[in-house]
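Structure assessment
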Amino acid sequence: MAWMIAGLWLWSSVHFVPAVAPNVKSAWKEKLGVGGYVGTFSLLIFLSIFLMVMGWKTTQPMHLYNSPGFARHLAMLLVLFGFVFIVAGRYPSRIRQRIRNPMLIGFKAWAVAHLLANGDSRSLMLFGTLLIWAVISVITINRRDGKTPRQETVVSLPADLALMGLSVVVYIVIALYAHPWLSGVALM
């Protein structure tokens with residue numbers, strides 16, 4: 001559990017720097033350059049994910065609540081929805097043109113799905129904390145940036161469909177291959 005807590009703390013701390021401590025971000029960039037900032041930011045995020053995965057694998061779960069019978073199917077649908085929004089938040093898309101913070105909305109859907117499908121202590125710790133992080137992130141980003149204008153780029157329908165296709169491919173790869181390796185739980 002200590003590894004998971006350390007990973008969650010590192011994840012949250014690094015992600016909150018741009019939103020709540022822009023002066024720290026500026027100093028970080030000034031000292032290391034843009035490439036150094038992006039590189040160390042990414043390295044710290046990968047380290048936090050490693051710590052969370054190791055914490056997950058080494059924590060003995062304690063049963064807290066029963067999930068409803070439909071939870072697994074609803075969770076898989078929510079995760080797919082989450083992946084579409086996460087990918088759409090990364091690239092020009094109609095979703096990104098119309099919705100603020102699509103990546104964080106997708107992340108919240110992913111976390112809620114896992115809380116719905118799993119009723120144990122380590123799930124509540126991991127996915128509950130990440131859900132709280134995503135909610136606070138949206139609030140802090142909105143306070144920092146105010147109302148941001150929509151993206152000006154007009155995205156074609158084929159580009160949007162390709163983005164959705166990419167999201168589905170990423171979802172399938174993660175569900176079939178990465179999920180069992182990361183969590184020890186096969187989905188299919």
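Description of the structure in this document. This one's a predicted model, so the numbers in the text were calculated from it and none came from an experiment.

Before going further, it helps to spend a moment on a nonpolar patch on the surface. On the surface, Val168, Val169, Ile172, Val173, Leu176 and Tyr177 cluster together into a nonpolar patch covering about 530 Å² of accessible area. Topologically, Val168 is positioned in helix 7 (residues 157-183).

This paragraph deals with the nonpolar core. Of all hydrophobic cores here, the largest spans 25 residues; its most connected members are Trp11, Leu126, Leu130 and Trp133. Counting residues per element, the ones that place at least two in this core are helix 1 (2-20), helix 2 (22-58), helix 5 (102-117) and helix 6 (121-145). Residues within four places of Leu130 in sequence aside, it is in contact with Leu8, Trp11, Met52, Phe107 and Trp110.

Okay, the pattern of salt bridges next. Scanning all chains against the criterion turns up three salt bridges. In this structure, Arg100 engages Asp145 in a salt bridge whose closest nitrogen and oxygen atoms are separated by 3.8 Å. Here Asp145 lies in helix 6 and Arg100 lies in the loop between helix 4 (94-98) and helix 5, a separation of 45 residues in the sequence. Between Asp145 and Arg144 there is a salt bridge, with its nearest N and O atoms 2.7 Å apart. Asp145 gets classed as partly exposed once you look at its relative accessible area, which sits at 36%.

Unusually for a residue other than glycine, Asn101 sits at a positive phi of about 60°. Locating Asn101 in the fold gives a position in the loop between helix 4 and helix 5. By relative accessible area, Asn101 is classed as buried at 16%.

What follows covers the environment of Leu74. Relative to the helices and strands, Leu74 is located in helix 3 (residues 71-90). In this structure, the C-alpha to C-alpha distance between Leu74 and Ala113, residues 39 residues apart in sequence, is 7.3 Å.

Criteria and thresholds
Residues numbered from 1 in each chain as written. Predicted model: local features only at pLDDT ≥ 70, side-chain atom pairs only at ≥ 80, totals over all residues. Heavy atoms only, no water. Patch = residues over 30% accessible without salt bridge, like charges linked within 9 Å, V, L, I, M, F, W, Y side chains within 5 Å. Areas by Shrake-Rupley, 256 points an atom, 1.4 Å probe, with all protein chains shown as cover. Salt bridge = Lys/Arg side-chain N within 4 Å of Asp/Glu carboxyl O. Helix = DSSP H or I, 4+ residues; strand = E, 2+ residues; numbered from the N terminus. Core = buried A, V, L, I, M, F, W, Y, C linked by side-chain atoms within 4.5 Å. Buried < 20%, exposed > 50% of the residue type's maximum accessible area, 1.4 Å probe, protein only. Contact = heavy atoms within 4.5 Å.

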